[in-house]
Amino acid sequence: MIGLIVTQSYVPLARAAPKTQFSIVYTNDVMGEVEPCG
Amino acid sequence: MKKEGAEVLLLDTGNILFRKLPQTETKKKDALLRIDLLIQSYNEIRYEAVNVGEKDLMMGLKFLLDVTQKAKFPFISANLVDKKTQKVIFRSHVIKEISGIKVGILGLLDDQFNSALQEREPGLVIQDPISVSRDIARSLRPHCDLIVVLSQLGEMKDKRLARENRDIHLILGGGGESMRAVAERVGEIPIYRLEPRGGYLGRVDYSISDTKRPIHFLISSERDELEKRLGRLIIRTIQIKAEIAKAGRPDEMKAKELKFLESKQKEVEKNLMALQDKNFYKHIAIPVQLSIEDDPKIMKGVEHYRSESAKLYKPKMAGLPEKGLSEKEMIARIPQDSLFVGAITCKKCHEVNYRNWLKTKHAKASQTIVASPKYAQEECLMCHSTGYGKMGDYATVEEIPFYLQGVQCETCHGPGRGHPGKGRMERKVTLGACRNCHTKDQSPTFNYVAYLEKIGCKITK
């Protein structure tokens, strides 16, 4: 339990808040083939 | 994510219009309806760029250019060019700015499709994707912080691309023969692709602390691993200290371990501090059906498509002439050139299995979609009948020949023509065979052992 608290509380100390955050979201082969049954 | 105000670039790696060329007028009309729905949906969720896939050109360049007129996002392709002028047909790339970061996005087609393409469009040619990508990435580098390739090159060529073009930061893959998901790095360049058919959304999260140009990115798993390791070291240190305190006397072994742990802890802390101001990325694949709510506007479009699509197909009512025939007569009606011989033929030697199979959902798999708008949809027919795509191109459930209705023996064991003589049947049904239809999205509760038990047609002979 103590360990858990230490671990949980350690992370924010180690990480500086990034200046910028963004995401690239993607899709691929939305009409892709699937193996026909059989 | 966009609604919640997150900074997001939404991209597609291509082949969004067709699975295969529609063979009949009805299928063509259906495809047009579906394409309208897709473009409206992509507009609605604000895609930023879509790569041109070779299947997007199946109905010709003019058709695709007409489709692009309806799209609010650009179709891009860096290596599809006019044969005479060698000029690109679509924009080779786009540059988007997000959170102050300039992202260059280019699209690539596989030049192995040149011969197929030139049969349809002799005025077009696909240039070597690797050299084109090198030229473009080099020219983008001074203006962009991040260069993303939307690729239709397939898994192997994506790796080659990563090895031979070090100006790229990210390859998002598609196309090729392989249908598996990919998440790997070649050199330092990450390559990601998802399982086909739109069941997943891929997301690459970037967090940037050091904006000094050029910006470098590290995969976050290294930092995450160090943090976990540090956590474990701290826990063990606390435990050892507690054990020493509890014993109330010196313990040489524990003291040694404590010293070791403390030195390791310092080392990991030092490594973590060195990563403090670095930039990171992290990839996750999000299952769409489980994690993302349906958008009411898009769902309305889907319902509209389904009802319009269903109207296109005039079902031939189920009065199958095979009903009332003897087994012998039914077997006689199975075409001699058919790879599939139907469960009724299997029954001759495997009667117990056949009777067990009749009681299963597999046997009724075609009937279960008769009453739904799905009865005419290819992606449904594919798994609700036997040998779809190999035995004719039936458009509705009603058109499925009797010996291919339902999920019959040959779906799992392979086509029976020639068996038991030359034809080799797969005795054991593998998980891979089941997964052709019981995908994570279509069959989220699928369990191989439990479902195999449910099929109930265990081999007795």
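These figures come from a predicted structure and were not determined experimentally.

(A) Spatial organisation of the overall build of chain B. When its secondary structure is counted, chain B shows 16 helices and 14 strands. Expressed as lengths along the three principal axes of its C-alpha atoms, the size of chain B is roughly 90 × 75 × 45 Å. Across the 461 residues in chain B, those meeting the buried criterion constitute 31%. Considering only residue pairs separated by 6 or more positions, chain B has 65% of its internal contacts joining residues 24 or more positions apart.

(B) View of the nonpolar core. Among the nonpolar cores identified, the biggest contains 59 residues, and Leu11, Ile105, Val148, Val149, Ile168, Ile171 and Leu172 of chain B are the most heavily contacted of them. Ranked by residues supplied to this core, first place goes to strand β8 (residues 146–151) of chain B with 5 residues. When neighbours within four sequence positions are excluded, Leu11 of chain B is seen to be in contact with Ile24 and Tyr26 of chain A together with Tyr47, Glu48, Ala49, Ile105, Leu150 and Leu172 of chain B. Within the second largest apolar cluster, 10 residues are counted, among which are Val341, Leu381, Tyr388 and Val397 of chain B.

(C) Fine view of unusual backbone geometry. In this structure, Pro214 of chain B follows Arg213 of chain B across a cis peptide bond, with omega equal to -10°. With respect to the helices and strands, Pro214 of chain B occurs in the loop between β12 (200–208) and β13 (218–219). A cis amide bond, omega 5°, links His419 of chain B with the succeeding residue Pro420 of chain B. Backbone geometry at Asp29 of chain A places phi at a positive 50°, although glycine is not the residue there. Relative to the helices and strands, Asp29 of chain A resides in the segment after β1 (20–27). Asp29 of chain A sits in the buried class, given 26 other C-beta atoms within 10 Å. Backbone geometry places Ser99 of chain B, a non-glycine residue, at a positive phi of 50°. Topologically, Ser99 of chain B is positioned in the loop between β5 (93–98) and β6 (101–108).

(D) Representation of the packing of helix α1 (residues 25–44) of chain B against helix α9 (residues 296–312) of chain B. Residue and element names in this part refer to chain B. It is the contact of α1 with α9, at a shortest axis distance of 10 Å, that shows an interaxial angle of 175°. Judged by the angle between their axes, α1 and α9 are roughly antiparallel. Contact residues: Thr26, Lys29, Asp30, Leu33, Arg34, Leu37, Gln40, Ser41 and Glu44 in α1; Lys297, Ile298, Gly301, Val302, Tyr305, Glu308, Ser309 and Leu312 in α9. Broken down by class, the residue content of the contact of α1 with α9 amounts to 6 nonpolar, 5 polar and 6 charged.

(E) Structural context of the environment of Gly100 of chain B. The topology assignment puts Gly100 of chain B in the loop between β5 and β6. Separated by 154 residues in sequence, Gly100 of chain B and Lys254 of chain B place their C-alpha atoms 52 Å apart.

(F) Representation of the domain arrangement of chain B in the model. Once the domains are mapped, chain B shows domain 1 (11–217 + 279–296), domain 2 (220–274) and domain 3 (318–455). On a C-alpha basis, the centres of domain 2 of chain B and domain 3 of chain B stand 60 Å from each other.

(G) Focus on the sheet that holds strand β14 (residues 280–287) of chain B. If you trace the 7 strands from one edge of the open sheet to the other, you get β3(B)-β2(B)-β1(B)-β1(A)-β12(B)-β14(B)-β13(B), paired in mixed fashion. For this open sheet the edge positions go to β3 (75–76) and β13 of chain B, each flanked by a neighbour on one side alone. Direction of pairing for β12 of chain B relative to β14 of chain B: antiparallel, over a ladder of 8 bridges. Residue pairing for β14 of chain B: Val204 of chain B is matched across the bridge by His283 of chain B.

(H) Local environment of the interface of chain B and chain A. The interface of chain B with chain A comprises 62 residues on the first partner and 29 residues on the second. Where the side of chain B that touches chain A is concerned, the elements lending two or more residues are β1 (8–12), β12, α6 (220–247) and α14 (409–413) of chain B. Here the element with the most residues in the side of chain B that touches chain A is β12 of chain B; it accounts for 8 residues. Of the residues assigned to the side of chain B that touches chain A, the class counts are 31 nonpolar, 19 polar and 12 charged. Pairing of β1 of chain A with β12 of chain B, which is carried by 7 bridges, proceeds in the antiparallel orientation. Note that in β12 of chain B the partner of Ser23 of chain A across the bridge is Asp205 of chain B.

(I) How the structure looks around the packing of α6 of chain B against helix α7 (residues 252–274) of chain B. Residue and element names in this part refer to chain B. Their axes nearest at 9 Å, the elements α6 and α7 cross at an angle of 155°. One way to sum up the angle between α6 and α7 is to call them roughly antiparallel. The way α6 lies across α7 gives a crossing that is left-handed. Where α6 abuts α7, its residues Leu226, Glu227, Arg229, Leu230, Leu233, Ile234, Arg236, Thr237, Ile240, Lys241, Glu243 and Ile244 lie against Lys254, Glu257, Leu258, Leu261, Glu262, Lys264, Gln265, Val268, Glu269, Asn271 and Leu272.

(J) Structural context of the confidence of the model for chain A. Residues and elements named next belong to chain A. A residue-level look at chain A finds 39% of positions with pLDDT of 70 or above and a mean pLDDT of 64. Overall, residues 1–13 carries pLDDT values under 50, and its contacts beyond four positions in sequence, including any with other chains, amount to 14 contacts. Long-range and interchain partners of residues 34–38, a stretch whose pLDDT sits below 50, account for 24 contacts in this model, where long-range means more than four residues apart.

(K) Quick peek at the sheet that holds strand β9 (residues 170–172) of chain B. All names here are of chain B. The strand order across the open sheet built from 6 strands is β5-β6-β8-β9-β11-β10, with neighbouring strands paired in mixed fashion. Since the sheet does not close on itself, it has two edges, and those belong to β5 and β10 (182–186), each with one partner. In this sheet, adjacent strand axes meet at a mean angle of 20° when their direction is disregarded. Bridge analysis of β5 against β6 gives 6 bridges, and the strand direction is antiparallel. Counterpart to Ile95 in the pairing with β6 is Gly104. Set on the sheet, helix α4 (residues 129–140) makes contact with β5, β6 and β8; between it and β6 the angle comes to about 165°.

What counts and how
Residues numbered from 1 in each chain as written. Chains lettered and ligands numbered in written order. Predicted model: local features only at pLDDT ≥ 70, side-chain atom pairs only at ≥ 80, totals over all residues. Helix = DSSP H or I, 4+ residues; strand = E, 2+ residues; numbered from the N terminus. Buried ≥ 20, exposed ≤ 12 C-beta atoms within 10 Å, placed from the backbone. Contact = placed C-beta atoms within 7 Å. Core = buried A, V, L, I, M, F, W, Y, C linked by C-beta atoms within 7 Å. Axes fitted to C-alpha atoms, helices over the stretch in contact; angles between N-to-C directions. Parallel < 35°, antiparallel > 145°, perpendicular 65-115°, else oblique. Nonpolar A, V, L, I, M, F, W, Y, C, P; charged D, E, K, R; others polar. Domains from an automatic or database assignment. Pairing = 2+ DSSP bridges. Left-handed = near helix turned anticlockwise from the far one by under 90°. pLDDT = per-residue confidence, 0-100.

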